[in-house]
2 protein chains.
Amino acid sequence: MSQKSAGPEILKMIELIAKLPGLGPRSARRAALHLLKRKDQLLLPLADALAEAGSRIERCRTCGNFDTLQPCAVCQSDGRDNSVICVVEDVPDLWALERASAFRGRYHVLGGVLSPLDGVEPEDLTIGMLIDRLKGGEVREVIFALSATLDGQITVDYVKDQIEDQGLEVQTTRLAQGVPHGGELDHLDEGTLAAAMRSRR
Amino acid sequence: MSQKSAGPEILKMIELIAKLPGLGPRSARRAALHLLKRKDQLLLPLADALAEAGSRIERCRTCGNFDTLQPCAVCQSDGRDNSVICVVEDVPDLWALERASAFRGRYHVLGGVLSPLDGVEPEDLTIGMLIDRLKGGEVREVIFALSATLDGQITVDYVKDQIEDQGLEVQTTRLAQGVPHGGELDHLDEGTLAAAMRSRR
């Protein structure tokens, strides 16, 4: 929209909203209009929340989580098991595991998985930070909770190699693969079924 | 997410983003993370743009458009035809017509269409404002550019009745219905084809 019907302030807002994942120009225009119609209930509170988040939230320098605390609330929390670190790809995975209350150790956010095709190299991830944490000597187990994809598997293998190269006495495990809770067998892909069959108990 | 893994600032941001049209809790979490990872390039500029929009943009009290000017840039613009008003449902429709450079008169944003099912009554729309504009006597034609739906048709009929009840000498027209530019016939619905056939020239 280059014409005068929408002023520069609206165009700027639409342009920035369109950079969010899953939103294109059309949905950004819809979102902008939705915000303008709800100025006091939504637009101004969102502006405040973003400014607040932008000024106060930072990466935890220990685990890579986002928080206003440094180190983050998970790293600071008492009563979590310091001998186990769960390695996740990104922060939403950490949130998902916390929602499931599935884990009471510490986390490490890699920031992605190795991907030769997408140009993600080891130095793009926080693998060095993880090795440094393991050198502290307190950690007995590293659980890899990465995507069950080829890139995820390559990443697990690479990090395991790094741990062995450093001569660290750390056990490495990974999440079980199998039938999801409530999953119907005939809707599952063959890879999942084969993995579930291999890991039967 | 009620647990301590994500702080209240992040939760607040996610909650507000999730209120945008087309975004649910999951995509709001993705968007929030995307913003946090691009703090200087995206999060803070968006916060500023929203605050700026919230403080400066308002409804044009003449036509219902959003702008920082009062009346809006379209209403203020010289060289537009004051004798024609194009009635649209909402601001994006105005933007779309301006993008098409299809119209050089003035606009009137109704704010929706009448919808008995959704509880949209005449007083929820800016029909009164439109009638007041027509009473000025300068307008010779009102073009209805509303959705080609039942609700759109009901709205056109209602506004036309109001214009007639006021004894206003204003011609009313509506956008032509037909085959869209580049539209392939066998992908068009029967209603469109029938309308295109009826209005053939």
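In this text the structure is predicted, and so the values were computed from the model without any measurement.

> Looking at this model, I keep getting lost on the environment of Pro92 of chain A. Mind explaining?
Residues and elements named next belong to chain A. Mapped onto the secondary structure, Pro92 falls in helix α5 (residues 91-99). Pro92 sits in the partly exposed class, given a relative accessible area of 22%. For the pair Pro92 and Val109, spaced 17 residues apart in the sequence, the C-alpha separation amounts to 9.7 Å.

> For this particular structure, what's the right way to read the UniProt feature "zinc finger region: C4-type" (unreviewed entry) in chain A?
On the UniProt side, "zinc finger region: C4-type" (unreviewed entry) is annotated at positions that read residues 60-75 of chain A here. For residues 60-75 of chain A, the helix share is 19%, the strand share is 12%, and the end-to-end C-alpha distance is 8 Å.

> What should I look at first to understand the sheet that holds strand β6 (residues 171-174) of chain B in this one?
The strands that make up a sheet pair up through hydrogen bonds in the backbone, lying either parallel or antiparallel. Residue and element names in this part refer to chain B. Taking strand neighbours across the sheet as the criterion, the four strands line up as β4-β3-β5-β6 in an open arrangement whose pairing is parallel. The two strands at the open ends of the sheet, each matched to only one other strand, are β4 (105-109) and β6. For this sheet the average axis-to-axis angle between neighbouring strands, irrespective of direction, equals 25°. In the sheet, strand β3 (residues 81-88) pairs with strand β5 (residues 141-145) via five bridges, with the strands oriented parallel. In the sheet register, Val84 faces β5, and the bridge partner there is Glu141. Contacts between helix α6 (residues 127-135) and the sheet are confined to β3, β4 and β5, with β4 contributing the most and set at about 150° to the helix.

> Please clarify how the relation of the copies chain B and chain A should be interpreted in this entry.
Relating one copy of the chain to the other requires a rotation about an axis plus a shift along that axis. Aligned on chain A, chain B shows an RMSD of 0.0 Å; the corresponding rotation is 180° and the shift along the axis is 0.0 Å. Those values place the two copies in the arrangement expected of a two-fold rotation axis. The rotation axis passes nearest to the C-alpha of Ala47 of chain B in chain B, at a distance of 2.3 Å. Here 100% of the contact residues of chain B are again contact residues in chain A; the copies associate through an equivalent surface.

> Honestly, empty space enclosed by the protein in this entry has me stumped. Any pointers?
Gaps between atoms show up when a probe of the same size as a water molecule is rolled over them. Applying the stated criterion across every chain yields a total of one cavity of 30 Å³ or more. In this structure, the largest cavity encloses a volume near 60 Å³. Those elements giving two or more residues to the lining of the largest cavity turn out to be α3 (39-56) of chain A together with α3 (39-56) of chain B.

> Help me understand the pattern of salt bridges, please; the structure alone is not making it clear to me.
Between side chains of opposite charge, a pair can form as their charged atoms come close. Counted by the stated rule, this structure contains eight salt bridges over all chains. Note that Glu9 of chain A is salt-bridged to Arg56 of chain B, the shortest N-O span being 3.0 Å. Taken together, the positions of Glu9 of chain A in helix α1 (residues 8-17) and Arg56 of chain B in helix α3 put the pair across two chains. Since its relative accessible area comes to 39%, Arg56 of chain B is described here as partly exposed. Between Asp90 of chain B and Lys37 of chain A there is a salt bridge, with its nearest N and O atoms 2.3 Å apart. You can see Asp90 of chain B sitting in the loop between β3 and α5 (91-99) and its partner Lys37 of chain A sitting in helix α2 (residues 25-37), one on each of two chains.

> Quick question: what am I supposed to make of the UniProt feature "domain: Toprim" (unreviewed entry) in chain A here?
Per the UniProt entry, the sites bearing "domain: Toprim" (unreviewed entry) are residues 83-180 of chain A in this numbering. Strand forms 20% of residues 83-180 of chain A and helix 35%; the C-alpha atoms that close the span are 28 Å apart.

> Can you walk me through the layout of surface pockets in this structure?
Estimated volume of the largest pocket: approximately 480 Å³. What lines the largest pocket is a set of 19 residues, among which Glu89, Asp90, Pro92, Asp93 and Ser147 of chain B lie closest to the centre. Elements with a minimum of two residues in the lining of the largest pocket: α2 of chain A together with α5 of chain B. The dominant element in the lining of the largest pocket, judged by the number of residues it contributes, is α2 of chain A, at four residues. Broken down by class, the residue content of the lining of the largest pocket amounts to 10 nonpolar, three polar and six charged.

> Even after reading the chapter, I still don't get the side chain of Ser115 of chain B, so can you show me in this structure?
Mapped onto the secondary structure, Ser115 of chain B falls in the loop between β4 and α6. Among all residues touching Ser115 of chain B, those that are not within four sequence positions of it are Val120 and Asp151 of chain B.

> Hey, could you run me through the sheet that holds strand β3 (residues 81-88) of chain A in this one?
Residue and element names in this part refer to chain A. With parallel pairing, the four strands of this open sheet are ordered in space as β4-β3-β5-β6. Strand pairing shows two members of the sheet lacking a second neighbour, β4 (105-109) and β6 (171-174), which therefore form its edges. Neighbour-to-neighbour, the strand axes of the sheet open up by a mean angle of 25°, direction not taken into account. Across the face of the sheet, α5 comes into contact with β3, β4 and β5 (141-145) while running at roughly 160° to β4.

Cut-offs applied
Residues numbered from 1 in each chain as written. Chains lettered and ligands numbered in written order. Predicted model: local features only at pLDDT ≥ 70, side-chain atom pairs only at ≥ 80, totals over all residues. Heavy atoms only, no water. Helix = DSSP H or I, 4+ residues; strand = E, 2+ residues; numbered from the N terminus. Buried < 20%, exposed > 50% of the residue type's maximum accessible area, 1.4 Å probe, protein only. UniProt positions renumbered as here; feature names shortened; annotations may be inferred. Pairing = 2+ DSSP bridges. Axes fitted to C-alpha atoms, helices over the stretch in contact; angles between N-to-C directions. Contact = heavy atoms within 4.5 Å. Least-squares fit on C-alpha atoms with pLDDT ≥ 70 in both. 1 Å grid on protein atoms, 1.4 Å probe; cavity = no way out; pocket = protein on both sides within 12 Å on 5 of 7 lines; lining within 4 Å. Points joined across faces, edges and corners; volume = space filled by probe spheres on them. Salt bridge = Lys/Arg side-chain N within 4 Å of Asp/Glu carboxyl O. Nonpolar A, V, L, I, M, F, W, Y, C, P; charged D, E, K, R; others polar.

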